[in-house]
Amino acid sequence: MHSQKMREIGPEVDPLRLACGYSRADLGKPNILVESVYGESHPGSMHLNELVEYVKRGAYEGGGAPLKYSCTDICDGIAQGTKGMDYSLVSREVIASAVEFHAEAGHFDGMVLVSGSDKAVPAHLIAAARLKMPAIFVPGGVMDQWIITLEQVGTIYSKLKRGEMEEDEYNFLREYSCPTNGTCAFLGTALTMQSLAEVLGLALPTSAVCPATSFEIRRLAQNAGSRIVELIDEKLTADKILTEEAFENAIIVHAAMAGSTNAMLHLPAIMKELGYKFSLKRVSEINDEVPFIVNVRPSGEYPANRLWFAGGVQKVMLELKDYLNLDCMTVTGRTVGENLENLEKTGFFKKRPLFLENYGLKVNDVIKSTEAPITKSGAIVVLRGNIGTGIIKRSAVDESMFNFTGPARGFDSQSDALKAIFGGEIKGGECIILRYEGPRANGMPEQFYVTEAISSNDKFNTSVALLTDGRFSGASRGPCIGHISPEAIDGGVLAVIEDDDLIHIDLNKNRLDVVGIKGEKLPEEEILKIIKERLSVFKAPPRKYQSGLLGLYTKYAASAEEGGFMQ
């Protein structure tokens with residue numbers, strides 16, 4: 001084992017390990033890194049220390065010698081709409097790098113990664129792909145839902161700002177939107193990435209989106225601790241599980257679940273570590289073929305804990321069986337298909353409806369069949385045109401906005417756009433252009449408050465579109481196109497779109513174009529000529545950050561289309 005070879009090289013290893021709590025017997029066992037993002041940073045990480053202890057218990061029972069390390073994450077909800085949000089995407093790179101140096105410098109034989117939230121989960125998956133060692137991911141689970149879920153706070157805040165809600169009611173609803181530990185109870189980026197970790201085969205079956213307050217999540221964590229010792233013995237490393245076919249499975253399930261658009265940043269970053277190329281063209285093809293079947297907020301009706309009660313990610317995969325690559329290996333040592341067969345044989349899917357009876361629901365209320373889906377197409381549409389490449393969540397858009405043409409209104413910051421929206425300066429039929437919000441401009445913060453100001457307004461959500469090189473919260477809804485590449489600061493067309501240029505969006509034909517100048521439609525050749533002239537005299541503003549962590553990140557960040565990783 002690697003740990004034993006390192007003991008032979010370094011005579012200091014044993015006394016240092018003993019001082020950390022190892023027994024003499026532990027020194028010769030498989031050394032297990034139990035890495036979490038535990039911290040008092042937000043409800044999705046506060047309880048992870050308890051899960052870590054269950055992982056350690058399982059590892060000891062399995063014959064391993066675990067040690068716990070941590071690098072906590074930040075909360076996108078707390079950082080939202082402030083300078084703090086600029087640090088969100090780069091925190092993924094920091095956490096992945098922390099796992100890397102903890103694992104490499106600590107001479108571990110295998111690792112269990114414990115996290116649950118937006119950037120921590122993809123960071124841990126990136127680290128597993130990069131290190132190519134035996135690894136299991138333990139999802140942190142989902143919080144309970146009492147009245148509303150956190151993504152609805154933006155909606156009620158917009159109502160408060162418009163005078164449509166009393167402050168007392170607003171304060172009451174807001175206070176109880178996060179009633180327990182766990183990840184927020186809607187299918188945002190956090191639960192999307194938990195789900196995809198299970199689909200990829202790195203998390204034990206049924207562990208994603210598990211209620212964080214349940215004993216089941218603790219049992220699963222303990223099982224992961226036992227299983228990692230077996231993975232080391234079997235030499236089953238993460239790169240043998242994270243195959244190209246496994247990533248295709250992830251994109252298929254993402255389409256069916258209406259997962260967060262941020263997965264289109266995280267999957268390419270994980271794949272890059274393995275030498276695989278992420279294809280937005282393939283994403284588009286899959287979303288045209290795979291139906292949308294998961295009725296969970298924000299695109300659906302129910303809070304996310306209902307998904308686990310309905311059978312969770314494995315039930316979704318069972319419904320998608322004909323679309324999936326069933327021969328992909330998983331951390332169980334069995335294939336995707338074998339895991340599904342085992343769950344069917346043990347009666348797992350038959351017992352799930354008993355949970356839902358408490359809510360007066362049936363499984364089909366939450367997870368539809370592919371024969372009777374919510375929509376026949378998946379959640380994501382990849383748009384291309386003379387503006388560049390962009391992504392939109394079709395499942396969260398009113399059909400009346402599938403084909404849109406309107407005059408542009410340009411803004412260089414989220415705060416300016418919000419002032420215009422709440423100040424009554426934006427009119428129905430207009431297209432907000434929000435630029436200099438990409439990875440190389442300022443770190444690619446979420447534009448959640450802008451999207452919510454649009455989608456929560458009954459008039460705007462069927463008449464106003466948004467184009468940005470920034471990204472969105474997994475909770476975002478409405479006719480909002482993000483991740484536009486090339487981004488404005490790199491000379492993308494978004495930088496030179498002027499007020500009253502006509503923007504055309506066609507979700508049926510996957511198009512995103514400037515079709516007119518100063519309110520007048522023009523032939524494409526003439527528009528391309530004008531865009532070229534504008535770009536020839538365009539001078540990019542300086543990057544927002546010239547030093548520190550964000551100075552480093554924005555200098556070396558890849559494009560959003562590539563995954564926004566540091567090159």
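Residues numbered from 1 in each chain as written. Predicted model: local features only at pLDDT ≥ 70, side-chain atom pairs only at ≥ 80, totals over all residues. Heavy atoms only, no water.

1. Let's talk about the state of the cysteines
Argument step 1. Going through the model one piece at a time under the given rule, you end up with 0 disulfides.
Argument step 2. No disulfide involves Cys178; its sulfur sits 4.4 Å from the nearest other cysteine sulfur, which is in Cys184.
Argument step 3. You can call Cys178 partly exposed: its relative accessible area is 29%. (Disulfide = S-S within 2.5 Å. Buried < 20%, exposed > 50% of the residue type's maximum accessible area, 1.4 Å probe, protein only.)

2. Some words on the side chain of Arg435
Argument step 1. Among the secondary structure elements, Arg435 is positioned in the loop between strand E8 (431-434) and helix H24 (439-442).
Argument step 2. For Arg435, a relative accessible area of 10% translates into the label buried.
Argument step 3. Polar side-chain contacts of Arg435 include one of 3.1 Å to the backbone oxygen of Leu494.
Argument step 4. Polar side-chain contacts of Arg435 include one of 3.0 Å to the backbone oxygen of Ile497.
Argument step 5. In this view, Arg435 contacts Gly410, Phe411, Asp412, Ser413, Asp469, Ala488, Leu494, Ala495 and Ile497; residues no more than four positions away in its chain are not counted. (Helix = DSSP H or I, 4+ residues; strand = E, 2+ residues; numbered from the N terminus. Polar contact = N/O pair within 3.5 Å; in protein donor to acceptor, adjacent residues only side chain to side chain. Contact = heavy atoms within 4.5 Å.)

3. As for a nonpolar patch on the surface
Argument step 1. The grouping of Ile74, Tyr87, Val94 and Leu549 at the surface amounts to a nonpolar patch, some 280 Å² of accessible area in total.
Argument step 2. Inspection of the secondary structure assignment puts Tyr87 in the loop between helix H6 (76-79) and helix H7 (88-106). (Patch = residues over 30% accessible without salt bridge, like charges linked within 9 Å, V, L, I, M, F, W, Y side chains within 5 Å. Areas by Shrake-Rupley, 256 points an atom, 1.4 Å probe, with all protein chains shown as cover. Salt bridge = Lys/Arg side-chain N within 4 Å of Asp/Glu carboxyl O.)

4. Remarks on the packing of helix H14 (residues 244-257) against helix H15 (residues 263-272)
Argument step 1. Look at H14 against H15: their axes get within 11 Å of each other, and the N-to-C directions meet at 175°. Judged by the angle between their axes, H14 and H15 are roughly antiparallel. For the pair H14 and H15, contact is made by Phe247, Ala250, Ile251 and His254 and by Ala263, Met264, Leu267, Ile270 and Met271, respectively.
Argument step 2. Across the contact of H14 with H15, the residue classes tally to 8 nonpolar, 1 polar and no charged. (Axes fitted to C-alpha atoms, helices over the stretch in contact; angles between N-to-C directions. Parallel < 35°, antiparallel > 145°, perpendicular 65-115°, else oblique. Nonpolar A, V, L, I, M, F, W, Y, C, P; charged D, E, K, R; others polar.)

5. A few points about the packing of aromatic side chains
Argument step 1. If you walk through the whole model with that rule in mind, you get 11 aromatic pairs.
Argument step 2. Consider the rings of Tyr69 and Phe108, whose centres lie 5.5 Å apart with planes at 85°: the pair is edge-to-face. With a gap of 39 residues between them, Tyr69 in strand E2 (residues 65-70) and Phe108 in the loop between H7 and strand E3 (110-115) connect regions that are remote in the sequence.
Argument step 3. Ring geometry for Phe448 versus Tyr449: centroids 6.0 Å apart, planes at 45°, classification tilted.
Argument step 4. A relative accessible area of 8% places Phe448 in the buried class.
Argument step 5. Tyr449 gets classed as partly exposed once you look at its relative accessible area, which sits at 30%.
Argument step 6. Its guanidinium or amino end placed over the ring of Tyr359, Arg306 lies 3.7 Å from that ring's centre, counting from NZ or CZ. (Phe/Tyr/Trp six-rings, centres within 6.5 Å; stacked < 30°, edge-to-face > 60°. Lys NZ or Arg CZ within 6 Å of the ring centre and 35° of its normal.)

6. Details of the domain arrangement of the chain
Argument step 1. Segmenting the chain into domains produces domain 1 (2-144 + 180-365) and domain 2 (397-466).
Argument step 2. For domain 1 versus domain 2, the separation of C-alpha centres amounts to 33 Å.
Argument step 3. If you look at the interface, domain 1 gives 10 residues, while domain 2 gives 8 residues.
Argument step 4. Summed over both sides, the interface between domain 1 and domain 2 buries roughly 740 Å², with carbon and sulfur atoms accounting for 51% of that surface.
Argument step 5. The tally of links between domain 1 and domain 2 comes to 0 salt bridges.
Argument step 6. Counting across the interface, domain 1 meets domain 2 through 1 residue pair in polar contact (both at pLDDT 80 or more).
Argument step 7. Considered class by class, the residues forming the side of domain 1 that touches domain 2 number 3 nonpolar, 3 polar and 4 charged. (Domains from an automatic or database assignment. Buried area = accessible area lost by both parts, 1.4 Å probe.)

7. Describing the environment of Cys178
Argument step 1. Looking at the secondary structure, you find Cys178 in the loop between helix H10 (167-175) and helix H11 (189-200).
Argument step 2. For the pair Cys178 and Asp144, spaced 34 residues apart in sequence, the C-alpha separation works out to 7.8 Å.
Argument step 3. The residues touching Cys178, leaving out its near neighbours within four places in the chain, are Met143, Leu150 and Cys184.

8. Thoughts on the sheet that holds E2
Argument step 1. Strand order in the open sheet formed by 4 strands is E2-E1-E3-E4, with parallel pairing between adjacent strands. Bordering the open sheet on either side are E2 and strand E4 (135-139), each of which pairs with just one other strand. Going from strand to strand, the sheet's axes swing by 20° on average, the running direction of each strand aside.
Argument step 2. Relative to E2, strand E1 (residues 31-36) runs parallel, the two being bridged by 6 bridges. Counterpart to Glu35 in the pairing with E2 is Tyr69.
Argument step 3. The strands touched by helix H5 (residues 48-61) within the sheet are E1, E2, E3 and E4, with E2 carrying the most contacts at an inclination of about 160°. (Pairing = 2+ DSSP bridges.)

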